[in-house]
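Here is how the chains run, residue by residue.
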Amino acid sequence: MSVRCKPRYVRVLRAFVSTACVLTIGLGVLIAISWLLGVEGMPFLSAPRVLHPLISAGLILLGGALWLQRTEPVDARALRWAHGFALAVVVMMVAVVLELLVEGAPNPDQVLFPRGLDLPLRLHSVAPNSVANFLLVAFSLLLLNARKLALQRLAQALALSACIVAFLPLLGHLFRNAAFTRVMGDYLPMSLYSAISFLLLGTGVLASRPARGFMRVLCSDGLGGRMLRSLLPVLLLAPIALGLLGVWSQRVWGLEPVSGIGLLVTGMVMISASMLWWNSGVLDRVEAALLDSEEKRRNLIDASPDLIMIRDREGKYLLANPAFGRMVGRPVGEILGRRDGEIFDAETARRIQAQDQEVLSSEAPLSYEIAIHTPRGDDRIFDSSKYPYYSSDGELIGVMVISRDVTERHHLEAKLREQYEKLKELDKLKGDFVNAVSHDLRTPLTSILGYAEFLEDGLGGSLTEQQRAFVAQIAKSSERLEGMVNDLLDVARLDAGTFRLHCEEVDLAERVREMVESLRPQATDRRLTLQAAVSGSALRMVLDPQRIDRVLANLIGNAMKFTPEGGRIEVRLREDADGVLCEVEDTGIGIAAEDIPKLFQRFTQLAAGARMKAGTGLGLSISKAQVEAHGGTVGVRSEPGKGSTFWFRLPRGVPEQCRVDFSAAA
């Protein structure tokens, strides 16, 4: 499992790396200046007797190499320079090692500085433990950006070793114990400032790569990271603090150095015991929380009606919930460790394994439906999802499966499809019946209307006023019935896909004026004001005039039905950017907002229309279809008690259905 580093801690570590580089390079520069100027005593450097020119050069080179590699990715040119600096340090330290091992070998400092060194001890320019630290840090910097993970880990181990080697002389200086500062009695000891420099370099190398190595846990947001951040500062700073306390005690009370060591041991035991006690309590609480979380997860899996399983790469069951056990007719304990071939028939096991291999090879989720003949003998259908299953280290170890039994849903869907097909057949029969009846009604209706006109014209003899009124009522009712028959025929044509437009070029403005004039007598009879707001200029368009006339008649007729006496109806026609807009505005009863979506549905009448028994409920739906056949749109704006405005918009140009016929006619 990959450890996520908190960005805040990563920023802190990077700032520390930069600071360590600056301090190390600065110390090396100060040492070099002291030697170049011949300054014999710089208190903050413990005098040049201990810090030598070779150490100055090494610190500057290693600090520069770390600075060039302090962040990722590292520029190729900067990486070459960093490796060059580190290799130079390796060469210098190899020369020092030769001086230690080969008698008569030249002293590197004496080669670099012919004026020589005034040393009270054996003439070796650098302490052996300092040489070891220089080599450890140099090689860690050479391997820091290696491509192989093993070499990267080696670089981290070398840097950590340098920190440990430098920490012992630091304690030796704090406790005035020379044994901690040198390797053997006649060799130079590591100075306090060298120890601090190596600690800075070693921890700087570790901190430069916070996403891997030892610092990965330190900057993580997990329990280990929080515990390490609480313990590590105490364990590292406690010896230093106790050492300083021991030095102060020696100066004030005259205690022996061994007392400081005793103080260190006693203090570290007390501090370690306290930290162990505190962290034991933390671990107990964490363990309780983990057990509680695991119990909740187990209860959730066990209570799930879905089948939940985890299989490893070989197909063995690592986890199965009771729902899966009930499906296969076995206790969960008998399922774990078995393969599909031991539970299902050979064909079912083969299909399951093939799907598992697809998920394992692609490392991507897979969803599918599968029909399974269960060991209980029944056939079930499952909607399954498979996901790659990873270990805590991020290794793909198997497949997690979640399946839901959808057998009943499939049976219900099959029944619904069967019912749907039956309803479609019934609807087709209804359409055929309506179409046949409508056609059969047109012939007698035409005869009735014709003979009614003959009677009105007096061809059958003169009529009394009462007879004339009866004939007028017959004609009016026949016209209404003819309109209903035409509506039913249009519905049948729309359903059959045989609805066609018969277009010609007409003056739409003139058609609107004529329609208003033809319907004005009806409006007058209802004591309504019907007027047209149409410009006098011609508005020529290609359309089906009979269809548009019926749209106008439907919209104006609806307005007259639902506008009380004394009301006003206005028909407006105008051009806009999207085409030609026609509006029929009334001062009627209005329509509630929740009823507007129902207006253009077939056989739908609102409450007011049902009470008035006004029409079949087909007029608006057919009008909508006729406008849309022209490529237009239709709609309504209304508010209860304030009237309604029905509108339709026709685009400019020839409608799609008319293009072939109209082009041929032209």
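Rules used in this analysis
- Residues numbered from 1 in each chain as written.
- Predicted model: local features only at pLDDT ≥ 70, side-chain atom pairs only at ≥ 80, totals over all residues.
- Heavy atoms only, no water.
- Helix = DSSP H or I, 4+ residues; strand = E, 2+ residues; numbered from the N terminus.
- Buried < 20%, exposed > 50% of the residue type's maximum accessible area, 1.4 Å probe, protein only.
- Contact = heavy atoms within 4.5 Å.
- Areas by Shrake-Rupley, 256 points an atom, 1.4 Å probe, with all protein chains shown as cover.
- pLDDT = per-residue confidence, 0-100.
- 1 Å grid on protein atoms, 1.4 Å probe; cavity = no way out; pocket = protein on both sides within 12 Å on 5 of 7 lines; lining within 4 Å.
- Points joined across faces, edges and corners; volume = space filled by probe spheres on them.
- Nonpolar A, V, L, I, M, F, W, Y, C, P; charged D, E, K, R; others polar.
- Salt bridge = Lys/Arg side-chain N within 4 Å of Asp/Glu carboxyl O.
- Pairing = 2+ DSSP bridges.
- Axes fitted to C-alpha atoms, helices over the stretch in contact; angles between N-to-C directions.
- Polar contact = N/O pair within 3.5 Å; in protein donor to acceptor, adjacent residues only side chain to side chain.
- Expected span 1.5 Å × (residues − 1).
- Bend = angle between axes of the 7 residues up to and from the residue.
- Patch = residues over 30% accessible without salt bridge, like charges linked within 9 Å, V, L, I, M, F, W, Y side chains within 5 Å.
- Lys, Arg positive; Asp, Glu negative; His and termini not counted.
- Charge placed at Lys NZ, Arg CZ, Asp CG, Glu CD.

### Section: the overall build of the protein
- Helix and strand content of the protein: 20 helices and 12 strands.
- Put simply, the protein has 666 residues, and 41% of those count as buried.
- Across the protein, contacts joining residues at least 24 apart in sequence account for 64% of those joining residues at least 6 apart.
- With the model as given, the accessible surface of the protein reaches about 36500 Å², and the carbon-plus-sulfur share is 60%.

### Overview of the confidence of the model for the protein
- Across the protein, pLDDT averages 79, with 74% of residues at or above 70.
- Here helix α18 (residues 607-612) stands out as the element of the protein with the lowest mean pLDDT, 50, in contrast to strand β12 (residues 644-650), whose mean of 93 is the highest.
- Note that pLDDT drops below 50 for residues 40-50; the model gives that stretch 24 contacts with residues more than four away or on any other chain.
- Note that pLDDT drops below 50 for residues 116-124; the model gives that stretch 26 contacts with residues more than four away or on any other chain.

### Let's talk about empty space enclosed by the protein
- According to the stated counting rule, one finds 3 cavities of 30 Å³ or more in the structure shown.
- Put simply, the largest cavity is a space of about 110 Å³.
- Lining the largest cavity are 18 residues, with M309, I352, I372, V401 and S403 sitting closest to its centre.
- Broken down by secondary-structure element, the contributors of at least two residues to the lining of the largest cavity are β1 (307-312), α11 (322-328), α13 (346-362), β3 (366-373), β4 (379-390) and β5 (396-405).
- For the lining of the largest cavity, the class distribution of residues is 12 nonpolar, 3 polar and 3 charged.

### Section: the pattern of salt bridges
- All chains considered together, the criterion is met by 32 salt bridges.
- Where R404 meets D306, a salt bridge forms, and the shortest distance between an N and an O atom there is 2.8 Å. Residue R404 is found in strand β5, and its partner D306 is found in the loop between α10 (257-303) and β1; the two are separated by 98 residues along the sequence.
- The network of salt bridges with shared partners includes E570, R572, E583, E585 and R637.

### Overview of the sheet that holds β12
- The 5 strands are arranged β7-β9-β10-β12-β11 in an open sheet whose pairing can be described as mixed. The strands lining the two open edges of the sheet, one partner per strand, are β7 (529-533) and β11 (633-638). On average, adjacent strands in this sheet sit at an angle of 15° to one another, irrespective of strand direction.
- The pairing of β7 with strand β9 (residues 568-576) spans 5 bridges and is parallel. Bridge pairing links L530 to I569 in β9.
- In the packing of helix α16 (residues 508-525) onto the sheet, the strands contacted are β7, β9, β10 (579-586) and β12, and the crossing angle to β7 comes to about 175°.

### Structural notes on the pairing of β11
- Sheet analysis places β11 next to β12, joined by 6 bridges and oriented antiparallel. Bridge pairing links G635 to W647 in β12.
- From the end of β11 to the start of β12, which pair antiparallel, there are 5 residues, and G641 there has a positive phi angle of about 85°.

### Quick word on the side chain of S403
- Among the secondary structure elements, S403 is positioned in strand β5.
- Assessed through its relative accessible area of 5%, S403 is described here as buried.
- Among the polar contacts listed, one links the side chain of S403 to the side chain of S384, at a separation of 2.6 Å.
- Apart from residues no more than four positions distant in its own chain, S403 is found in contact with D306, L307, M309, F382, D383 and S384.

### Observations regarding the sheet that holds β3
- Taken in spatial order, the 5 strands of this open sheet run β2-β1-β5-β4-β3, and their pairing is antiparallel. Each edge of the open sheet carries a strand with a single partner, namely β2 (317-320) and β3. Ignoring strand direction, the axes of neighbouring strands in this sheet form an average angle of 25°.
- Where α13 meets the sheet, its contacts fall on β1, β3, β4 and β5, and the angle it forms with β3 comes to roughly 170°.

### Let's talk about α16
- With 18 residues, α16 ought to run about 26 Å at 1.5 Å a step, and its terminal C-alpha atoms sit 27 Å apart, in line with that.
- Its axis deflected by about 40° at L519, α16 carries its strongest bend there, up to four residues before the proline P521.
- Of the positions making up α16, those classed as buried are L508, A509, V512, M515, V516, L519 and A523.
- Capping the start of α16, D507 holds a side-chain oxygen 3.2 Å from the backbone nitrogen of A509, two or three residues further along.
- Just downstream of α16 lies R527, where phi reads positive at about 60°.

### Focus on a negative patch on the surface
- A surface patch of negative charge is lined by E453, E456, D457 and E479.
- Position of E453 relative to the elements: it lies in helix α14 (residues 407-456).
- Overall, the relative accessible area of 48% leaves E453 in the partly exposed class.

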